[in-house]
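Notes for the structure review
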Amino acid sequence: MFHPAASALASILSTPTRLTRAGRFEAVLNHIAEEVEGLADRGRPADYIPLLAEVDPRHFGMAVAEADGTVYGVGDWKRPFSTQSITKVFTLALALSLEGEHLWRGVGREPSGNPFNSLVQLEHENGVPRNPFINAGALVVTDRLQALTADAAGRALELLRTESGNPTIDFVPEVAACEATHGGRNAALAHFMASCGNLTTPVPDLLAAYFWQCSIAASCKDLALAAGFLARHGTRTDGSALLTKSQAKQINAMMLTCGTYDAAGEFAYRVGLPGKSGVGGGIIAIVPGVCTLCVWSPGLDRRGNSVAGVLALDRFTTLTGLSVF
Ligand code: GLN
């Protein structure tokens, strides 16, 4: 995409000796924010619950956290938004760390090629969801975490708080209640999987845990920092291991192939990074060994991914050359 400031940015980026890495990240983020400003169609916020539908689609924020915890941002990067399916990464990390390979008895690792809340594929495949990032798969992960800890949503919240260093990250009870009121499809997915013997938690308790985890509000800054263990090969901020190096690789691989639902191929093509989106308009993305990104803009495309968010990540990897390819 042509932008008048692009040549100025190109000259900044091509003078590495005159600019620190911090300066380069800041210049790139500011440039991307200007480009997004000029975007004519930013999509529409999710409308399945009123609390998401009424968020102003003009919000835009982006943060980059280096693996050592240094963090940069632009726009609304400190403003909390509804994390929604981004939380699925954190419940998966916890479940995998506690349960190991047994987790894969009840959920697969293949892209679905279907919408995130699809019922069709689940019946064809006897109640074993394709992957942990579509709703059915996330329900299985939350089921296992609930069985192991008795408080799956609380554990996810605790992980986000600890890794971001922000103890004020919290559930939003009104969002959780709204999710339950409008949760017919998730209830259908859960009841069907229970009928196939693929759940251990009673369905009402499982749905409650899932809706609470979806309701967590956090900012781009919080999420970029909190997902840092995926850029540090599984290591938490305190130096302990949440995941083995191999498990961190596995989660990154699944984010690349499944993290943006039936748009995962397009996302990999444009962005070239493991990523996970949520219908609140947030997306996290990982540059293993280097940094973690989080972008937020509430307008979504028809597959439920943030329009400006995907564009911003596309521009980031294009301008910096940082991708896994
Ligand atoms: N709360 C949403 C749902 O379960 C989360 C989906 C998403 O972010 N893709 O339908």
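This section reports on the structure supplied with the text.

1. As for the packing of helix α4 (residues 87–99) against helix α6 (residues 135–149)
What describes two packed helices is the angle between their axes and the distance between those same axes. Taken N-terminus to C-terminus, the directions of α4 and α6 make an angle of 50°; their axes are 9 Å apart at the nearest point. The angle between α4 and α6 places the two elements in the oblique class. Seen along the crossing, α4 lies across α6 with a hand that is left-handed. Contact with α4, carried on its side by Lys88, Thr91, Leu92, Leu94, Ala95, Leu98 and Glu99, involves Asn135, Ala138, Val141, Thr142, Arg144, Leu145, Leu148 and Thr149 of α6 and no other residues of that element.

2. Thoughts on the pairing of strand β2 (residues 71–75)
Sheet topology note: the strand β1 (residues 61–66)/β2 ladder contains five bridges and is antiparallel. For Ala65, the partnering residue across the bridge sits in β2 and is Val71. Count of turn residues in the β1/β2 antiparallel hairpin: four residues, of which Gly69 carries a positive phi of about 95°.

3. Some points on the sheet that holds β1
If you walk across this open sheet you meet the five strands as β2-β1-β7-β6-β5, and the pairing is antiparallel. Strands at the two margins of the open sheet, each flanked by one partner only, are β2 and β5 (275–277). Sheet twist, expressed as the mean angle between neighbouring strand axes with direction ignored, is 10°. In terms of strand pairing, β1 meets strand β7 (residues 291–296) through six bridges, oriented antiparallel. Its bridge partner lying in β7, Val64 is registered against Leu293.

4. Things to note about the site of the ligand
Near the ligand you find Tyr48, Gln84, Ser85, Phe116, Asn135, Glu179, Asn186, Tyr210, Cys214, Tyr261, Gly278 and Val279, and these make up its full shell. One nitrogen or oxygen atom from the side chain of Glu179 is found 2.8 Å from a nitrogen atom belonging to the ligand. Here Tyr261 contributes a side-chain N or O atom positioned 2.7 Å from a nitrogen atom of the ligand. Contact with the protein chains covers 96% of the free accessible surface of the ligand, which is 300 Å².

Each value, and the rule that gives it
Per chain, the residues get numbers from 1 upward, laid out in the order the sequence is written. Where totals are concerned, whole chains, interfaces and linings use all residues; where local detail is concerned, this predicted model gives features only for residues with pLDDT of at least 70, and gives and counts side-chain atom pairs only at 80 or more. Based on all heavy atoms of the structure, the side-chain values leave hydrogens and waters out of the count. Axes, fitted as lines to C-alpha atoms, cover a helix only where it is in contact. Angles between the N-to-C directions of the axes lie from 0 to 180 degrees. Numbered from the N terminus, helices here are DSSP runs of H or I no shorter than four residues, and strands are runs of E no shorter than two. Our angle categories are set so that under 35 degrees counts as roughly parallel, over 145 as roughly antiparallel, 65 to 115 as roughly perpendicular, and the remainder as oblique. Handedness of a helix crossing follows the sense of rotation of the near helix relative to the far helix, less than a right angle counterclockwise being left-handed and clockwise being right-handed. Contacts are residue-level and defined by heavy atoms, with any inter-residue pair within 4.5 Å sufficient. Strands pair, by our definition, only if DSSP identifies at least two bridges between them. Put simply, a residue is near a molecule or strand once any heavy atom of it comes within 4 Å of that molecule or strand. Pairing of N or O atoms within 3.5 Å defines a polar contact, subject to two protein rules: one partner must be a possible hydrogen donor and the other a possible acceptor, and residues neighboring in sequence count only if both atoms are side-chain atoms. Accessibility throughout is a Shrake-Rupley quantity obtained with a 1.4 Å probe, and a residue counts as covered only by protein chains that appear here.

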